[in-house]
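# Summary of the model geometry
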Amino acid sequence: MNVTATPLPFALQLIRRMICNAALMISDYCRSPERVCAEQRFNTIVNEHARLISKVCYCYAVSRQDFDDMRQDCLINIWRGLESFDGRSRLSSWLYRVCINTCITSWRGKSRRPQCFSFDELGEMPTDSSDDDSRSDNVELLHSLISSLPYVDRAIIMMWLDECPYDEIAEVTGLSKSNVAVKIHRLKNRMAESIRNNNI
Amino acid sequence: MTDNEMRRAWNDTDSRLKEIETHNRTPLDSGRRTALANLAQRYLKFSRLSLIMTLCSPCYMLSSVFTDDWRYIAALCFSIYFAVAGVMDYWLYRGVSSIDVGSMTVSEVARKSIFYRRRHLQFIAVLIPMAVIAIGITAYAFGFDRGIIACMACGAIVGMAIGSRQLIAFMDDYRTLRRL
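The structure displayed is predicted, hence computed values, not measured ones. (Residues numbered from 1 in each chain as written. Chains lettered and ligands numbered in written order. Predicted model: local features only at pLDDT ≥ 70, side-chain atom pairs only at ≥ 80, totals over all residues. Heavy atoms only, no water.)

Across its full length, chain A carries 10 helices and 0 strands. In sequence order, the secondary structure elements of chain A are arranged as α-α-α-α-α-α-α-α-α-α. Split into buried and exposed, the 200 residues of chain A put 44% on the buried side. Counting only contacts in chain A whose residues sit at least 6 apart along the sequence, the fraction spanning at least 24 positions is 68%. Total accessible area on chain A is roughly 11000 Å²; 52% of this is exposed by carbon and sulfur atoms. (Helix = DSSP H or I, 4+ residues; strand = E, 2+ residues; numbered from the N terminus. Buried < 20%, exposed > 50% of the residue type's maximum accessible area, 1.4 Å probe, protein only. Contact = heavy atoms within 4.5 Å. Areas by Shrake-Rupley, 256 points an atom, 1.4 Å probe, with all protein chains shown as cover.)

The next point concerns the overall build of chain B. For chain B, the helix and strand inventory stands at 5 helices and 0 strands. The N-to-C order of helical and strand elements in chain B reads α-α-α-α-α. Within chain B, the fraction of its 180 residues that count as buried is 36%. Considering only residue pairs separated by 6 or more positions, chain B has 70% of its internal contacts joining residues 24 or more positions apart. Put simply, chain B shows about 11000 Å² of open surface, and 63% of that area lies on carbon and sulfur atoms.

The nonpolar side chains of soluble globular proteins are, as a tendency, buried together. Ranked by size, the top nonpolar core spans 79 residues in total, and within it Val56, Tyr60 and Ile100 of chain A carry the most contacts. No other element matches the 10 residues that helix α4 (residues 106-141) of chain B contributes to this core. Those residues within four positions of isoleucine 100 of chain A in sequence are excluded, and the remaining contacts are Val56, Tyr60, Ala155 and Met158 of chain A together with Val106 of chain B. (Core = buried A, V, L, I, M, F, W, Y, C linked by side-chain atoms within 4.5 Å.)

The subject of this paragraph is the confidence of the model for chain A. Per-chain confidence: chain A averages 80 in pLDDT, with 79% of residues scoring 70 or above. The secondary structure element of chain A with the lowest average pLDDT is helix α1 (residues 2-5) of chain A, at 49, and the one with the highest is helix α9 (residues 166-173) of chain A, at 92. (pLDDT = per-residue confidence, 0-100.)

On to the interface of chain A and chain B. Buried accessible area, meaning the area lost when the parts come together, often serves as the stated size of an interface. Taken together, the contact between chain A and chain B spans 64 residues of the former and 48 residues of the latter. Viewed at the interface, chain B and chain A are joined by 3 salt bridges. Of the charged contacts, one joins arginine 32 of chain B and aspartate 69 of chain A as a salt bridge, the two residues approaching to 3.5 Å between their closest N and O atoms. Contributing elements (two or more residues each) for the side of chain A that touches chain B: α3 (33-48), α4 (50-60), α5 (64-81), α6 (91-106), α7 (131-147), α8 (151-161), α9 and α10 (177-197) of chain A. If one sorts the elements of the side of chain A that touches chain B by residue count, α5 of chain A sits on top with 11 residues. (Salt bridge = Lys/Arg side-chain N within 4 Å of Asp/Glu carboxyl O.)

So, about the pattern of salt bridges. The full count for this structure, using the stated rule, is 9 salt bridges over all chains. Notably, a salt bridge pairs aspartate 162 of chain A with lysine 55 of chain A, separated by 2.7 Å at the nearest N-O pair. Highlighted residues: aspartate 162 of chain A in the loop between α8 and α9 and lysine 55 of chain A in helix α4, separated in sequence by 107 residues. For lysine 55 of chain A, a relative accessible area of 5% translates into the label buried. Residues arginine 32 of chain B and aspartate 73 of chain A are paired through a salt bridge, measuring 3.0 Å at the closest nitrogen-oxygen approach. A residue pair is termed interchain when its members come from two chains, as with arginine 32 of chain B in the loop between α1 (3-23) and α2 (35-56) and aspartate 73 of chain A in helix α5. One continuous salt-bridge network, built from bridges that share partners, spans Asp69 and Asp73 of chain A together with Arg32 of chain B.

Structure follows, in structure tokens:
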């Protein structure tokens, strides 16, 4: 009887020891200086560029849920990609690239849902004066105009609005500098025409 | 809207997002898989499932409900169907996995992303007629038994109800992709 009962506890002990060792290794890694340093770096970058991330997500999302999902995906890709970021390009360029690419790859057949959503869906916003109403209209109008553009054009106009130099826009989008200039000119005309025709 | 008005509206967006950031900050969920990784995993899962089904399809040959010739034809039809579906899914998995959001340019990612989504929809368009043919052959192989035909008719009604809704969504997606 004892002969058949012995191997099972031994196997269980072995498995338990292996699990304990794995848990110790994970906890050691979590407390390692490299990990702490990487976390600090990530937190600093995310805090400094939080609005860049949110703005990109806001321009690509079609609902509040979508916005949250895209933001989380962006943060994960930034966290994973930070190690391989070599600093050859500007940090803001790299963040734009990661966030825009993440939002583009997150899109999944949402054409039947509204193309853009209002700030009210994002959260409770305090309004101070009557002037805010017209400004708010402009914000919503600009958002709907950007949301009606194709993927790459959205990225170009966003970066132009953020006053990024043409070199940086060209680097992120993969277009030539002259092509970026032409595209920006055309996009502005197209947006102005959309406003005139109320074709949004 | 002039350039200055656009930039002002954009700065307003900036300040409003800042307020939202302070009110509704969500922490990073480190255990989460991104939408792209999820999609790649789904393709891989389906390609593995199709491979298993391709290998299992010859079991039709052992079935006693078919007459001699039809058991081979049905087995062959389903094997081909699942093999094609598996190859398509694996090809999509490889393609989607090759997208690197950290190093590729936006144009490249957008081009690849649209390309694979379009292929996904085109593959569906190929697989649906193949499935209809395979099921039709199975129905014929059963010798139009009344019970079987009644069951298949029920299945077809439910399938058409679900399928028509999916078809509209599918066409919408395809139309949207052509605009992007």
